[in-house]
Amino acid sequence: MRKPSTSTLVSLAAVGVVAVGTVVTAMLNPSRPPNLLDVLLPLAASAATLVRRRFPVTALIVVALCVALYYPWGRLDGPLLVLAFVALYTAADLGHLTAAVATGGTLLLAMGLGESGGTRHVDDTMFVAIGGWVVAAVAFGGVTRTRRAYLLEAERRAADAEHSKEEEARRRAGEERLRIARELHDVLGHNISMINVQAAAALHGLKKRPEEAERALRTIKDTSKETLRELRTTLGVLRQVDEGAPTAPADSLARMDALVAASGLTVRTELSGPLDALPTEVDLAAARIIREALTNVSRHSGAAEARLSAACRDGELVVRVEDDGPGVTYDGGSGFGLRGMRERASALGGTLEAGPRPEGGFRVVARLPIEGAR
C-alpha cells in the first residue's frame, strides 16, 4: 500500500485543525450562530489546500480570497488563517516567490482594513502578529527551496565527479592495455622473429657448418629464455601479483650491444651525446624503437647489414635506423610495428618518420624531445 506523502499529511493536518477549530469556536460562542460563509469559505479553502502542490498559485489565491472574506463577514472567527500560511509557504517553496509576496501583502491589507458592521476584526497587536507569520511562512518557503536546490546541485556535482572518475579509470585502463599490447608486440615479435631467423640458419648449416648451427641454437635458447621472462613479468603485472620470478632488465640504450646482437644482423653503430643521462621514458622508447626497427630489417628488408645512429642535440634524441636491402612494397606504415613506434614517439611529444630511401633500402627516423620528458 502506498504511503501518503509528507505534503498530503500536512494538508490533511491543516484542514483538520481548521475543521476542529471551527467546531470548537462554534461551541464556545453559542450566542453567535454561524452563517453560510462560515461553512462555504472553510470548505473552499480546504479544497484548495489539498491541491496546492499541483496548482500552487491558484490555490494560494483561492485561500487568500477565502480568508479575506471570512474574517470581516464570518461570525465564528475560526483558525482559517492557518491554511493561508500553508499556501504561502508552498507557493514560495515551489518557486512562486513573487506571487507569495504579493498575495501575502494583499491579504494583510485586506485583513487590516476589513470591517463588518462597523467593527474591525483584527486589532493592531493581532495585525502585527499575523504579519510576522505571513513573512515567516514566505521566508521559510524560500529557504527550503534554496536548500533543496543546493542539495540537488551538490548531488549533481558528486555524480559528475563520480562519472569523471569512472571515465578517467576507463581511460587509464585503455592506455595501460595499449601499453601492455605494445610491450608484448615489441618483445615477443622481436624475439620470436629472431628465433625464426636463427632456426632457419641452424637448419641450413646443420650438416655443412655445425659450429654455426650450434651458435644459432644457443642464440635461440637465450632468446626464448628472455622471452619467457618478459612474458612472465607482463602476466604478473596483469594479475597484480609478485611471483618472485627474475625479470629481464628493461631495454635501454645502455644495453645497445645486446639489442644489436639479438637482431642477428651486422649493425654499424654510431652514438653521440650524453646518452647515459636520458630520462627513463625516453631511453626506453628509443630502445624499443631500435629493437622494432632492427626486427623489421631482419624480417622484411632482405639486408644482412644495417646502420644505427643515436645522437642528442638541440634538446632532442634523434634515432636513425637504415638498411640498403631490396625490401618489400611499402604500404604507408599500416602494420602494428610501425604504428607502435609512432605511438611511442607521439606519447613523448616526438615524431617518427619511416619510408623507403631514394637510394634504396628503408629508413626509420625518430625524434624524441628530452627536456619535456624530465
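About the criteria used
- Residues numbered from 1 in each chain as written.
- Predicted model: local features only at pLDDT ≥ 70, side-chain atom pairs only at ≥ 80, totals over all residues.
- Heavy atoms only, no water.
- Helix = DSSP H or I, 4+ residues; strand = E, 2+ residues; numbered from the N terminus.
- Expected span 1.5 Å × (residues − 1).
- Buried < 20%, exposed > 50% of the residue type's maximum accessible area, 1.4 Å probe, protein only.
- Arc of directions from axis to C-beta.
- Salt bridge = Lys/Arg side-chain N within 4 Å of Asp/Glu carboxyl O.
- Patch = residues over 30% accessible without salt bridge, like charges linked within 9 Å, V, L, I, M, F, W, Y side chains within 5 Å.
- Areas by Shrake-Rupley, 256 points an atom, 1.4 Å probe, with all protein chains shown as cover.
- Pairing = 2+ DSSP bridges.
- Axes fitted to C-alpha atoms, helices over the stretch in contact; angles between N-to-C directions.
- UniProt positions renumbered as here; feature names shortened; annotations may be inferred.
- Right-handed = clockwise from strand over helix to strand, strands pointing away.
- pLDDT = per-residue confidence, 0-100.
- Contact = heavy atoms within 4.5 Å.
- Parallel < 35°, antiparallel > 145°, perpendicular 65-115°, else oblique.
- Left-handed = near helix turned anticlockwise from the far one by under 90°.
- Nonpolar A, V, L, I, M, F, W, Y, C, P; charged D, E, K, R; others polar.

(A) Region of interest: helix H2 (residues 37-50). With 14 residues, H2 should reach 20 Å at 1.5 Å per residue; the first-to-last C-alpha distance of 20 Å fits that figure. Buried residues of H2: Asp-38, Leu-41, Pro-42, Ala-45, Ser-46, Ala-48 and Thr-49, and no others. Seen end-on, H2 carries its buried residues on one side only, within an arc spanning 165 degrees.

(B) Here's a closer look at the pattern of salt bridges. Enumeration according to the criterion identifies 14 salt bridges in this entry. The salt bridge partner of Asp-160 is Arg-156, with a shortest N-O separation of 2.7 Å. One end of the pair is Asp-160 and the other is Arg-156, both in helix H6 (residues 124-205) and four residues apart, which spans about a single turn. Residues Glu-359 and Arg-363 are paired through a salt bridge, measuring 3.8 Å at the closest nitrogen-oxygen approach. Its relative accessible area of 53% is what places Glu-359 among the exposed residues.

(C) Here's a closer look at a nonpolar patch on the surface. A surface patch of nonpolar side chains, about 360 Å² in accessible area, is lined by Leu-12, Leu-50, Val-51 and Phe-55. Relative to the elements of secondary structure, Val-51 occurs in the loop between H2 and helix H3 (56-73). Classification of Val-51 as partly exposed rests on a relative accessible area of 38%.

(D) View of the sheet that holds strand E6 (residues 351-356). Taken in spatial order, the five strands make up an open sheet running E3-E4-E5-E7-E6, and their pairing is mixed. A single partner strand is all that each edge strand has here, and the edge strands are strand E3 (266-272) and E6. Strand-to-strand twist across the sheet, computed as the mean angle between neighbouring axes with direction ignored, equals 10 degrees. The pairing of E3 with strand E4 (residues 305-313) spans seven bridges and is parallel.

(E) Structural detail: the UniProt feature "transmembrane region" (unreviewed entry) in the chain. According to UniProt, the "transmembrane region" (unreviewed entry) feature falls on residues 55-73, 80-113 and 125-143. End C-alpha atoms of residues 55-73 are separated by 27 Å, and the span's content is 95% helix alongside 0% strand. In the segment residues 125-143, helix accounts for 100% and strand for 0%; the C-alpha atoms at its two ends are 27 Å apart.

(F) Representation of unusual backbone geometry in the model. Backbone geometry places Asp-314, a non-glycine residue, at a positive phi of 55 degrees. Since its relative accessible area comes to 77%, Asp-314 is described here as exposed.

(G) Representation of the environment of Tyr-71. Among the secondary structure elements, Tyr-71 is positioned in helix H3. On the basis of relative accessible area, Tyr-71 is assigned to the buried category, the value being 10%. Between the alpha carbons of Tyr-71 and Leu-81 there is a distance of 9.1 Å; along the sequence they are ten residues apart.

(H) Representation of the pairing of E4 within the structure. In this fold, the crossover linking E3 to E4 by way of helix H9 (residues 280-301) has left-handed handedness. As paired elements, E4 and strand E5 (residues 316-323) share eight bridges and run antiparallel to each other. Looking across to E5, one finds that Ser-309 is bridged to Arg-320. Here E4 folds back onto E5 in antiparallel fashion, the turn holding two residues, of which Asp-314 has a positive phi close to 55 degrees.

(I) A look at the confidence of the model for the chain. Considering every residue of the chain, the mean pLDDT works out to 78; 76% of them sit at 70 or more. In this model residues 240-247 is a low-confidence stretch, pLDDT under 50, and it forms five contacts with partners more than four residues away in sequence or in other chains.

(J) Molecular detail of the packing of H2 against H3. Contact geometry for H2 and H3: axes closest at 9 Å, N-to-C directions at 160 degrees. Of the possible angle classes, the one that applies to H2 and H3 is roughly antiparallel. Crossing geometry of H2 relative to H3 is assigned as left-handed. Judged by residue contacts, Leu-37, Asp-38, Leu-41, Pro-42, Ala-44, Ala-45, Ala-48 and Thr-49 of H2 engage Ala-59, Val-62, Val-63, Cys-66, Leu-69, Tyr-70 and Trp-73 from H3. Grouping the constituent residues of the contact of H2 with H3 by class yields 13 nonpolar, one polar and one charged.

(K) Here's a closer look at the pairing of E5. Taking burial as the measure, the eight residues of E5 include six buried ones, the bulk of the element. Where E5 and strand E7 (residues 362-369) come together, eight bridges link them in antiparallel fashion. Each bridged residue has a counterpart across the sheet, and for Glu-316 the counterpart in E7 is Pro-369.

(L) View of helix H8 (residues 256-263). Three or more residues of H8 are buried, namely Met-256, Leu-259, Val-260 and Ser-263. Angularly, the buried residues of H8 cover 95 degrees about the axis, an arc narrow enough to put them on a single face. Turned more than 90 degrees away from the buried face of H8 sit Asp-257 and Ala-261, all of them exposed. Positioned one or two residues after H8, Gly-264 has a phi angle of 75 degrees, which is positive.

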